[in-house]
Amino acid sequence: MVNNTTAAVENLERKGFLDLEIDPTLDLFAEIERLKKEKNAILLAHYYQEPDIQDVADYIGDSLGLAQKAASTDADIIVFAGVHFMAETAKILNPTKKVLLPDLKAGCSLSDSCPPAVFQRFKEKHPDHIVISYINCSAGIKALSDIICTSSNARKIVEHLPEDQKIIFAPDKNLGAYINKVSNRKMVLWNGACMVHELFSLEKITRLKERNPDAEFIAHPECEDALLNIADFIGSTTQLLTYTKESKSNSFIVATETGILHQMEKQSPDKTFIPAPPDNSCACNDCPHMKLNTLEKLYLCMKHKLPEITMPEDLRLAAKTPIDKMLELSKELGIG
Ligand code: 13P
Ligand code: SF4
């Protein structure tokens with residue numbers, strides 16, 4: 001998204017401002033805590049952030065939890081340790097607050113797979129359908145949607161609608177196909193996917209399961225159908241975390257971004273967590289966008305109150321209606 005703030009930050013980057021050496025003797029954890037108090041800022045972090053960032057956050061959650069927290073905070077500044085669509089959602093809900101993202105380039109392959117102008121034409125081909133969009137999309141796509149959902153409430157939101165309601169589901173074809181299957185729906189799916197969750201190797205996971213017969217295989221619904229078919233439990237990051245705490249099993253093969261393992265290990269220190277192997281030669285199932293944020297960038301972002309998320313007011317208002325609908329429905333359906 002190119003706007004004045006982006007241009008300003010790029011200008012500062014060119015001048016080397018963001019590369020300023022941070023005093024190596026500085027305790028960044030203490031500095032971030034100090035800045036939070038000084039600026040009345042809340043630090044929200046997704047489970048896919050690096051462990052240091054999770055450890056200094058005020059709230060760690062999945063996309064729904066983070067949106068709910070952003071909607072209810074009375075802090076003056078929201079520092080969002082996550083990706084652009086998450087910080088953008090926080091801004092849509094909080095027009096008068098400053099919303100900061102440590103690295104403005106932290107995007108999302110799923111969000112990028114659905115450009116608003118192309119989606120508008122897709123929508124025109126299905127005039128009698130409503131649009132349910134996964135929160136992993138741009139404000140432009142949200143503005144073209146009727147209801148937003150996340151991985152923790154998508155199924156319940158779809159199922160609360162009449163069975164004959166025609167629906168376009170965007171942008172994640174894997175989450176959409178999973179809901180079509182479990183809810184016996186025929187939603188029209190946009191052909192988008194997450195680069196991290198499409199990377200897992202069915203063959204390697206099958207072998208890993210054979211070598212660890214007592215381990216439960218748990219997966220995020222952004223994974224492909226073949227993987228979800230062999231999963232013992234499917235859920236959002238928060239739901240996966242809760243499941244590992246409550247299950248009697250002592251070991252788990254986890255098919256989602258590896259950042260979540262930090263909380264799983266912290267909350268169940270006696271259990272074993274094995275990251276599901278990807279279909280490549282390295283073990284890199286980290287999200288390259290999420291991992292653009294670092295403790296150093298977080299510190300600089302809080303110190304200088306930059307980079308900031310901004311957007312035109314008409315776009316914000318159009319994108320807010322389907323997010324509000326999601327938040328109302330989540331309350332009504334008792335999710336989150
Ligand atoms: P949840 O936060 O809903 O589990 O989704 C995971 C994800 O991919 C966020 O980008
Ligand atoms: Fe996007 Fe996938 Fe990264 Fe989540 S894990 S931010 S869906 S690319």
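Before any of the text, the structure's been laid out above.
My aim in this report is to walk through the structure given alongside it, one point at a time.

Conventions and cut-offs
Residues numbered from 1 in each chain as written. Chains lettered and ligands numbered in written order. Predicted model: local features only at pLDDT ≥ 70, side-chain atom pairs only at ≥ 80, totals over all residues. Heavy atoms only, no water. Buried < 20%, exposed > 50% of the residue type's maximum accessible area, 1.4 Å probe, protein only. Helix = DSSP H or I, 4+ residues; strand = E, 2+ residues; numbered from the N terminus. Pairing = 2+ DSSP bridges. Near = heavy atom within 4 Å. Polar contact = N/O pair within 3.5 Å; in protein donor to acceptor, adjacent residues only side chain to side chain. Areas by Shrake-Rupley, 256 points an atom, 1.4 Å probe, with all protein chains shown as cover. 1 Å grid on protein atoms, 1.4 Å probe; cavity = no way out; pocket = protein on both sides within 12 Å on 5 of 7 lines; lining within 4 Å. Sits in = over half its atoms within 2 Å of the grid points. Nonpolar A, V, L, I, M, F, W, Y, C, P; charged D, E, K, R; others polar. Points joined across faces, edges and corners; volume = space filled by probe spheres on them. Contact = heavy atoms within 4.5 Å. Axes fitted to C-alpha atoms, helices over the stretch in contact; angles between N-to-C directions. Salt bridge = Lys/Arg side-chain N within 4 Å of Asp/Glu carboxyl O. Expected span 1.5 Å × (residues − 1). Bend = angle between axes of the 7 residues up to and from the residue.

Another point: the pairing of strand β9 (residues 216-219). Alternating residues of β9 divide into Glu216 and Ile218 and Phe217 and Ala219, and every residue in both groups is buried. Across 4 bridges, β9 lies against strand β11 (residues 251-255) in parallel orientation. Considered in β11, the bridge of Ala219 is made with Ala255. Pairing of β9 with strand β10 (residues 233-234) involves 2 bridges; the strand directions are parallel.

This part covers the site of ligand 1. What surrounds ligand 1 is a group of 14 residues, the closest being His46, Ser63, Ser151, His220 and Thr237. At 2.9 Å from an oxygen atom of ligand 1 is found a main-chain nitrogen or oxygen belonging to Ser63. In the model, an oxygen atom of ligand 1 is placed 2.9 Å from a nitrogen or oxygen of the His220 side chain. The protein chains hide 96% of the 300 Å² of surface that ligand 1 would expose on its own. Among the cavities detected, the one that contains ligand 1 is the largest cavity. Class assignment for the residues of the shell around ligand 1 results in 5 nonpolar, 7 polar and 2 charged.

Here the second largest pocket is characterised by a volume of approximately 200 Å³. Around the second largest pocket sit 15 residues that line it, and Ser151, Ser152, Arg155, Ile234 and Gln239 are the ones nearest its centre. Looking at the lining of the second largest pocket, the elements with two or more residues in it are α9 (154-159), α10 (173-183) and β10. Residue composition of the lining of the second largest pocket, by class: 7 nonpolar, 6 polar and 2 charged.

What follows concerns the sheet that holds strand β8 (residues 188-189). The parallel open sheet is built from 4 strands, whose spatial order is β6-β5-β7-β8. On the outer flanks of this sheet lie β6 (147-149) and β8, each paired with one strand and no other. Sheet strands in contact with helix α7 (residues 116-124) are β5 (130-134), β7 (167-170) and β8, and its direction is about 160 degrees off that of β7.

Pairing within the open sheet is parallel, and its 4 strands lie in the order β2-β1-β3-β4. The two strands at the open ends of the sheet, each matched to only one other strand, are β2 (59-61) and β4 (98-100). Adjacent strand axes in the sheet meet at a mean angle of 20 degrees, parallel and antiparallel pairs treated alike. Pairing analysis gives 3 bridges linking strand β1 (residues 41-46) to β2, with the strands arranged parallel.

In a structure, side chains of opposite charge can pair up when their charged atoms sit close to one another. The full count for this structure, using the stated rule, is 15 salt bridges. Its salt-bridge partner being Lys291, residue Glu257 comes within 2.8 Å of it at the nearest N-O pair. A residue pair is termed long-range when its members are at least 10 positions apart, and Glu257 in the loop between β11 and α14 (260-267) and Lys291 in the loop between β12 (272-275) and α15 (295-304) qualify at 34 residues. By relative accessible area, Lys291 is classed as partly exposed at 25%. Overlapping salt bridges bring together Glu31, Arg34, Glu38 and Lys39 as one network.

Moving on: empty space enclosed by the protein. All chains considered together, the criterion is met by 2 cavities of 30 Å³ or more. Its volume calculated, the largest cavity comes out at about 220 Å³. Its residues assigned to classes, the lining of the largest cavity shows 11 nonpolar, 10 polar and 2 charged. Considered as a void within the structure, the second largest cavity measures approximately 60 Å³ in volume. Lining the second largest cavity are Ser63, Leu66, Ala67, Ala70, Phe80, Phe85, Met86, Thr89, Ala90 and Ile135. Where the lining of the second largest cavity is concerned, the elements lending two or more residues are α4 (63-72) and α5 (84-93). Here the residues of the lining of the second largest cavity are counted per class, giving 8 nonpolar, 2 polar and no charged.

The subject of this paragraph is helix α16 (residues 313-332). Taking 1.5 Å per residue, 20 residues should reach 28 Å; α16 reaches 28 Å between its end C-alpha atoms and fits that length. Along α16, the helix axis deviates most sharply at Lys320, where the bend reaches about 30 degrees; the proline Pro322 sits within four residues downstream. Along α16, the residues classified as buried are Arg316, Ala319, Pro322, Ile323, Met326, Leu327, Leu329 and Ser330. Residues of α16 that are buried sit in contact with α4, α5, α8 (139-143), β6 and α9. Taken from the residues just after α16, Gly334 is the one with a positive phi, measuring 70 degrees.

The quantities given are spatial measurements derived from coordinates; they are silent on function.
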